[in-house]
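# A closer look at the structure
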Amino acid sequence: MRIHQSLPQAKHSLHTPSISICKNIAYSNRTRTVMDIYIPGQQAAPSQCSHKKGTWQNLPDSANRSMSDSAAAHSGNSDSDSAKEQFPVALFCHGGVWATGSKWHYAPMASQLAKAGILTCVIQYSLYPDALAPQMVDELSQALTWTFLNISKHGGNPNQVSLLGHSAGGQMCAMALLHRAKALSKRTKLERRSNGHQQELAPAQDRMPARFIGIAGVYDIETHYQYEFGRGVAELSTMKRAMGGRHKFQSQSPALILNAACGRKATMQVPDQAQGGMVEIKPGSRVWQGRLASLGRAVQSKLPGFMMAPSTSTADESQPMAASQASAATTPPAQAKPSSSTLVPPSASFPPQLRTSSLQPQQPASSQPEQQPSPSVRHQASSSSQQEDVAAGTAAGMAASAARAAAAKDEEVHMSLEEAGMLPPVTLMSSTADIIVPWQQSEEFYQVLQECKLPVKHHVYDNIPHAGFVVDWSDKDTATQGSAQQPQKYQPDLIEALRACG
């Protein structure tokens, strides 16, 4: 809050600060649909902050098209309000279990990104119980459209917009892009039929960002529900209610939607708890969900080693990644762990034990091995939504359950590989220290995107808590003596990805 309040309003400041801010810019006509824009190294003109609350209005498609075309021609723009320098843009969607969060919470991160030369937009959106997840996704898409149409007036490059989402915001971003991919694919087909070639620039409501960066995101709702069930918080969390019930999980899970698009061919290598060695598991399967539920129980009971144990390797952290991976590959699975603040991009050469060891929690030497849940227990966890309405086996309850299932099926997003191919490059970030959304969930999404032949990277860190990705951005220049910390490795990695997205 201190940082958010201390920044000069762009239209009121009389000098050129390192960054300035335009607050409460309306991107839609709902109460919470506003954003703050952090502008790097320049003084914004008063007209740049003129999109005040209540002035937003829908534009016809023709207006969207003309404004989008105008924004794309930024290099030749002679408008006096246009910035001389155009910055790469980050549009950030926060998390908060689809029920909490305000834009000022992320002022430290946005300020540091702006100081690095990245124009940063932090949005708010309607929250549960005032809205369900599909409305939030729609509002996020409206914010992206607004950014394409207007960000050049604030000094941003509309052709270099990256979409960032943390936690629940990652799910929302991915869903918004899936809907855009379907619309863009349909429009492309129609234009090819009518014009014989693809239009150079799609209307703003269909355009894709230069890159999607998902940070500790939730991409498979059912699997995350099973993980929270293992932790004993599934019903305390607002996730199920914000989705509209468990029968809606499939239609709101980007990983499952894309997995269906690629023919459900994606697999993950995980430890075989019975026979030893490795076994292939399909994302979204009951077995995979059971593994995450087991991990959730391990987290809840604070078993030693529910995350990877510290590495005993003495390899220099400055060594090239190949050398670091080679060293880790010789370490027993129970001890393998990425070196501190070192990127570990999963790939064909990514050691399986680094990617999967935390699926099999270590047991204390003096304790008995954890008993695996019986099939009946696993089934009980996966069918609780049916029990909600089929209580006592009433005909009315069964009819209500069937009606909900039919309605959910109608709402499912069905994608083809061609439609999925419209998605932008993806960068995923996760951490082995994250007990809120474990890194295996990003790995699942990574494997599905790879199977769809989409450009994707997954950066796994070992010391970042869940919220740390977006709140641990203190300005070391203002830190008190003795408390200044070196920037976390993910911070320069994120900045590099944002700068390189054009």
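One structure accompanies this document, and this report is about it. Predicted model only: the values in this text are computed from it and were never measured. (Residues numbered from 1 in each chain as written. Predicted model: local features only at pLDDT ≥ 70, side-chain atom pairs only at ≥ 80, totals over all residues. Heavy atoms only, no water.)

### Considering the overall build of the chain
Our working definition: Secondary structure elements follow DSSP: runs of H or I of four or more residues count as helices, runs of E of two or more count as strands, with numbering from the N terminus. Working definition: with a 1.4 Å probe on protein chains only, accessible area under 20% of the residue-type maximum means buried, over 50% means exposed, and in between means partly exposed. Whether two residues touch is decided by their heavy atoms; if any such pair falls within 4.5 Å, the residues are in contact. Areas reported as accessible are Shrake-Rupley estimates using a 1.4 Å probe. Residue values count occlusion only from the protein chains shown.
On a plain count of helices and strands, the chain comes out with 18 helices and ten strands. Considering the chain as a whole, with its 502 residues, one finds that 54% of them fall into the buried category. Contacts in the chain between residues at least 24 apart in sequence constitute 75% of all its contacts with a sequence separation of at least 6. Split by element, the accessible area of the chain, about 21,500 Å² in all, is 52% carbon and sulfur.

### What about the nonpolar core?
Keep this limit in mind: To qualify as a nonpolar core, a set must consist of buried Ala, Val, Leu, Ile, Met, Phe, Trp, Tyr and Cys residues joined through side-chain atoms within 4.5 Å.
Among the nonpolar cores identified, the biggest contains 72 residues, and M35, I37, W98, I123, L258 and F445 are the most heavily contacted of them. Of all hydrophobic cores here, the second largest spans 29 residues; its members include I21, A216, M429 and V470.

### Here we look at the sheet that holds strand β3 (residues 87-93)
Remark on secondary structure: sheet strands pair via backbone hydrogen bonds, oriented parallel or antiparallel. The test is simple: Being paired, for any two strands, means DSSP has found at least two bridges between them. The convention used is that axes are lines fitted to C-alpha atoms, helices contributing only their stretch in contact, and that angles between N-to-C directions extend from 0 to 180 degrees.
Spatially, the eight strands line up as an open sheet ordered β1-β2-β4-β3-β5-β6-β9-β10, and their pairing is mixed. In the strand order of this sheet, the two ends are held by β1 (19-26) and β10 (456-461), each with one partner. Between one strand axis and the next, the sheet turns through 20° on average, direction left out of account. Along the sheet, helix α18 (residues 490-499) contacts β3, β5 (156-166), β6 (211-215), β9 (426-431) and β10; its crossing angle with β5, the most-contacted strand, is approximately 145°.

### Topic: the side chain of Q289
As for its position among the elements, Q289 is in helix α9 (residues 286-300). When residues no more than four places from it in sequence are discounted, the contact partners of Q289 are E222, T223, Q226 and G284.

### A look at unusual backbone geometry
Of note, the bond from Y128 into P129 is cis; its omega dihedral lies within 30 degrees of zero at 10°. Its place among the elements puts P129 in the loop between β4 (119-123) and α4 (133-150). Although it is not a glycine, S167 sits at a positive phi angle of roughly 60°. By the element assignment, S167 lies in the loop between β5 and α5 (168-195). S167 sits in the buried class, given a relative accessible area of 9%.

### Describing the pattern of salt bridges
What counts here: By definition, a salt bridge exists where a carboxyl oxygen of Asp or Glu is found within 4 Å of a side-chain nitrogen of Lys or Arg.
In this structure the tally under the stated criterion is eight salt bridges. Between E419 and K182 there is a salt bridge, and its shortest N-O distance comes to 3.2 Å. You can see E419 sitting in helix α15 (residues 417-420) and its partner K182 sitting in helix α5, a full 237 residues away along the chain. The structure contains a network of salt bridges with shared partners spanning R30, D138 and E139.

### Observations concerning the environment of S162
Inspection of the secondary structure puts S162 in strand β5. When its relative accessible area of 0% is taken as the criterion, S162 is described as buried. When the C-alpha atoms of S162 and R211 are compared, they prove to be 4.9 Å apart, with 49 residues separating the residues in sequence.

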